[in-house]
Amino acid sequence: MEDAQGLSTGVFFCALGLTILTHLGLITGQMAGIAVILSYLTGYSFGLVFLLINLPFYWLAWTRMGRAFTLKSLGCVAALALLTELIPMGLVFEQLEPALGALIFGLVTGTGLLVIFRHGGSMGGLGVVALLIQDRTNFPAGWMQLGVDLVIFGVAFILFPASVVLYSLLGAVVINVLIAINHRKDRYLGS
């Protein structure tokens, strides 16, 4: 029950963050960023694209991280896909400045990811690879994800106006620094 509550809370925070992000027409990094970009370019829903592009990573998760982690991650991705379709039906923004929206997105989504990681799950995709590398080498997952994000944002400069990419980059940096600083084994020593 503790993990179910934690994973649900984390997924809701991530879905809320993505609702803010896509409302502003911004992008992000990782598999979510690839899914956002593909949804903008194709017109397909973010949730469907996100669910489909994560499928290849579940084999890696199953073989390297175990059944429980894989099932939790698959559940998180499926719930995120659903919530990103439902939340915009009940949440409308009258005014939201892009810089503030990017900051809110980064803080809310980063917090959601930390909760998900703390309860043994992930949002799939590159997060699985980052957590695997962190567990094996102690190289922080957030820093690895930031490197991947820089590549995605480099490509985004070709596809989108510079202002969209720069505001988006603010949100991605906030997420990854938040994760890099807070997702450490020595942070979870409480009883």
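Scoring rules and cut-offs
- Residues numbered from 1 in each chain as written.
- Predicted model: local features only at pLDDT ≥ 70, side-chain atom pairs only at ≥ 80, totals over all residues.
- Heavy atoms only, no water.
- Helix = DSSP H or I, 4+ residues; strand = E, 2+ residues; numbered from the N terminus.
- Buried < 20%, exposed > 50% of the residue type's maximum accessible area, 1.4 Å probe, protein only.
- Expected span 1.5 Å × (residues − 1).
- Contact = heavy atoms within 4.5 Å.
- Axes fitted to C-alpha atoms, helices over the stretch in contact; angles between N-to-C directions.
- Parallel < 35°, antiparallel > 145°, perpendicular 65-115°, else oblique.
- Left-handed = near helix turned anticlockwise from the far one by under 90°.
- Nonpolar A, V, L, I, M, F, W, Y, C, P; charged D, E, K, R; others polar.
- Salt bridge = Lys/Arg side-chain N within 4 Å of Asp/Glu carboxyl O.
- Phe/Tyr/Trp six-rings, centres within 6.5 Å; stacked < 30°, edge-to-face > 60°.

Q: Help me out: how do you make sense of the environment of G90 in this one?
A: Its place among the elements puts G90 in helix α4 (residues 67–90). Among the residues examined, G90 registers a relative accessible area of 68% and is labelled exposed. Along the primary structure G90 and R64 are separated by 26 residues, whereas in three dimensions their C-alpha atoms are 39 Å apart.

Q: Which parts of the structure should I look at to understand the environment of L55?
A: Relative to the assigned elements, L55 resides in helix α3 (residues 46–64). In the structure, L55 is positioned 52 residues away from D3 in sequence and 23 Å away in space, judged by C-alpha atoms.

Q: Looking at this model, I keep getting lost on unusual backbone geometry. Mind explaining?
A: For residues other than glycine, phi is negative in most cases, and the peptide bonds are mostly trans. Even without glycine at this site, Q30 takes up a positive phi of about 60°. Of note, Q30 is situated in helix α2 (residues 30–42). A residue is classified by how much of its surface remains accessible, and Q30, at 12% relative accessible area, is buried.

Q: When you look at helix α8 (residues 162–182) in this model, what are you seeing that I'm missing?
A: For an α-helix, 3.6 residues make a turn, and residues three or four places apart therefore share a direction. Across its 21 residues, α8 extends 30 Å between first and last C-alpha, which sits within 8% of the 30 Å expected from 1.5 Å per residue. Structurally, α8 contributes buried residues whose contacts are with α5 (98–118) and α7 (141–159).

Q: Where do I start with the packing of α5 against α8 in this structure?
A: The description of two helices packed together rests on the angle between their axes and the distance between the axes. Running from N to C, α5 and α8 cross one another at 30°; their axes reach a closest spacing of 8 Å. Comparing their axes, α8 and α5 come out roughly parallel. For the pair α5 and α8, the crossing hand works out as right-handed. Residue composition of the contact of α5 with α8, by class: 15 nonpolar, six polar and no charged.

Q: Which parts of the structure should I look at to understand the pattern of salt bridges?
A: As a working rule, side chains carrying opposite charge can pair if their charged atoms are close by. By the definition in use, this model includes one salt bridge. Two residues, K72 and D3, come together in a salt bridge whose shortest N-O distance is 2.9 Å. Of this pair, K72 sits in helix α4 while D3 is found in helix α1 (residues 2–23), placing the two residues 69 residues apart along the sequence. K72 sits in the partly exposed class, given a relative accessible area of 23%.

Q: What am I meant to see in the packing of aromatic side chains here?
A: Aromatic rings in a pair are described by how distant their centres are and how their planes are angled relative to each other. Across all of its chains, the model carries two aromatic pairs by this definition. Between the aromatic rings of Y40 and F160, the centroid separation amounts to 6.3 Å while the plane-to-plane angle is 75°, which identifies the pairing as edge-to-face. Taken together, the residues Y40 in helix α2 and F160 in the loop between α7 and α8 connect sequence positions 120 residues apart. With relative accessibility at 30%, the residue Y40 sits in the partly exposed group. Aromatic side chains F46 and F50 sit 5.2 Å apart centroid to centroid with 15° between the ring planes, which places their arrangement in the stacked category. Of the two residues, F46 and F50 are both situated in helix α3; the distance of four residues between them amounts to about one turn of the helix.

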